[in-house]
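# Observations on chain architecture
What follows is the residue order along each chain.
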Amino acid sequence: MGVNRQLVVALGLMSLCAGAWGQGKTPSPALLVLSKEESFLAIVDPATLKVVGKVDTGAHPHEVATSADGKIAIVTNYGNDHAGTTMSEIDLASRTEVGKVTFPGLVGPHGIAILGDKAYFTVEGDKSIGVFDFVANNIDLHLVLGQKRPHMLVLTKDGRTM
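Residues numbered from 1 in each chain as written. Predicted model: local features only at pLDDT ≥ 70, side-chain atom pairs only at ≥ 80, totals over all residues. Heavy atoms only, no water.

### Some remarks on the overall build of the chain
Note the threshold: Only DSSP runs of H or I covering at least 4 residues are called helices, and only runs of E covering at least 2 are called strands; the numbering of each starts at the N terminus. Only protein chains enter the accessibility calculation, which uses a 1.4 Å probe. A residue is then buried if its area is under 20% of the maximum for its type, exposed if over 50%, and partly exposed in between. In what follows, a contact means two residues having at least one pair of non-hydrogen atoms within 4.5 Å. A 1.4 Å probe and the Shrake-Rupley method give the accessible areas. Residues count as covered only by the protein chains that appear here.
The secondary structure content of the chain amounts to one helix and eleven strands. The order of helices and strands in the chain, counted from the N terminus, is α-β-β-β-β-β-β-β-β-β-β-β. In the chain, which comprises 162 residues, the share counted as buried stands at 43%. Considering only residue pairs separated by 6 or more positions, the chain has 36% of its internal contacts joining residues 24 or more positions apart. Surface accessibility of the chain: about 8,800 Å² in total, with carbon and sulfur atoms responsible for 55%.

Printed below as a string of structure tokens:
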């Protein structure tokens, strides 16, 4: 069974565990799984593989990254037909979406990485990268690259190179 098929099967099994959602506290570490079709983030206990929480996101969430302390997750909501215009900020302890990030030109947010209090992300719509400070709730950078469909990104540990 291929990896994609296994993920679909795993997500299907998670949806059968609806009674477990919202019970107990968020484990640390936790496995975060996105359901693109149903638009939610599942929080899974990696020791038991049980879904312990579910948080609704924007349409067709695509990538997720967490803060170093494991308290915040940022999800890129790629949207139907790559037309998503938001990113979800999720408090993992309370299992709630605490904010939606959007700004002019944010269409098709995709790749994401977090360093410190900042989420670095790609935007396929206007061929750009951005930096969101999730503590100050501010977009620190929106840089149009012009590169065809910037997709994923990786940061060095010191954050000086993307």
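### Considering the sheet that holds strand 5 (residues 72–77)
The cut-off we apply is this: One bridge is not enough; two strands pair if DSSP finds at least two bridges between them. Angles here are taken between N-to-C directions and fall from 0 to 180 degrees, while the axes themselves are lines fitted to C-alpha atoms, restricted in helices to the stretch in contact.
Spatial ordering of the open sheet is given by 4-5-6-7, a layout of four strands whose pairing is antiparallel. In this open sheet, the two strands that pair with only one neighbour each are strand 4 (61–66) and strand 7 (96–101). Put simply, the sheet's adjacent strands are angled 25 degrees from each other on average, direction ignored. Pairing geometry for strand 6 (residues 86–91) and strand 7, over five bridges, is antiparallel. Residue Ile-90 lies in a different strand from strand 7, and its bridge partner there is Glu-97.

### A closer look at the pairing of strand 6
Here strand 6 lies mainly inside the structure; five of its six residues are buried. In terms of strand pairing, strand 5 meets strand 6 through six bridges, oriented antiparallel. Bridge assignment links Thr-76 to a residue of strand 6, and that residue is Met-87.

### Some thoughts on a nonpolar patch on the surface
As a reminder, the rule being used: A patch consists of residues exposed above 30% relative accessible area that lack any salt bridge, with like charges linked at up to 9 Å and nonpolar side chains (Val, Leu, Ile, Met, Phe, Trp, Tyr) linked at up to 5 Å. Each salt bridge in this description consists of a side-chain nitrogen of Lys or Arg and a carboxyl oxygen of Asp or Glu lying within 4 Å of one another.
Together, Leu-141, Leu-143 and Leu-145 give the surface a local cluster of nonpolar side chains, amounting to about 230 Å² of exposed area. Along the chain, Leu-143 turns up in strand 11 (residues 138–144).

### What to know about the environment of Gly-125
Mapping Gly-125 onto the fold places it in the loop between strand 9 (118–123) and strand 10 (128–133). Each C-alpha atom, one on Gly-125 and one on Ala-83, is 7.6 Å from the other, the two residues being 42 residues apart in sequence. Residues contacting Gly-125, with those up to four places away along its chain left out, are Val-107 and Gly-108.

### Some remarks on the sheet that holds strand 1 (residues 31–35)
Strand pairing within a sheet occurs via backbone hydrogen bonds; the two strands may be parallel or antiparallel. Strand order across the open sheet formed by three strands is 1-2-3, with antiparallel pairing between neighbours. The sheet is open, and its two borders are formed by strand 1 and strand 3 (50–56), each paired with just one other strand. The sheet shows a mean angle of 25 degrees between the axes of neighbouring strands, direction not considered. Judged from the five bridges that link them, strand 1 and strand 2 (residues 40–45) form a sheet pairing that is antiparallel. When the sheet's bridge partners are listed, Leu-32 is paired in strand 2 with Ile-43.

### Some words on the nonpolar core
If you look at soluble globular proteins, the nonpolar side chains tend to sit buried side by side. Quick note on the threshold: What we call a nonpolar core is a set of buried Ala, Val, Leu, Ile, Met, Phe, Trp, Tyr and Cys residues that are connected through their side-chain atoms within 4.5 Å.
Formed by 14 residues in total, the largest nonpolar core has its most connected members in Ile-74, Ala-119, Phe-121, Phe-132 and Phe-134. Sorting the residues of this core by element identifies strand 5, strand 8 (109–115) and strand 9 as the ones contributing at least two each. The element that contributes the greatest number of residues to this core is strand 9, accounting for three residues. When neighbours within four sequence positions are excluded, Phe-134 is seen to be in contact with Ser-67, Ile-72, Ile-74, Glu-89, Ile-114, Gly-116, Asp-117, Lys-118 and Ala-119. Within the second largest apolar cluster, ten residues are counted, among which are Leu-41, Val-52, Val-75 and Ile-90.

### Some points on the pairing of strand 1
Summarising burial for strand 1: four of the five residues are buried, a large majority. The loop that links strand 1 with its antiparallel partner strand 2 comprises four residues; one of these, Ser-39, has a positive phi angle of about 55 degrees.

### Digging into the environment of Ser-28
Structurally, the position occupied by Ser-28 is in the loop between helix 1 (3–16) and strand 1. Accessibility expressed as a relative area gives 75% for Ser-28, which makes it exposed. It is 9.6 Å that separates the C-alpha atoms of Ser-28 and Lys-71, two residues lying 43 residues apart in sequence.

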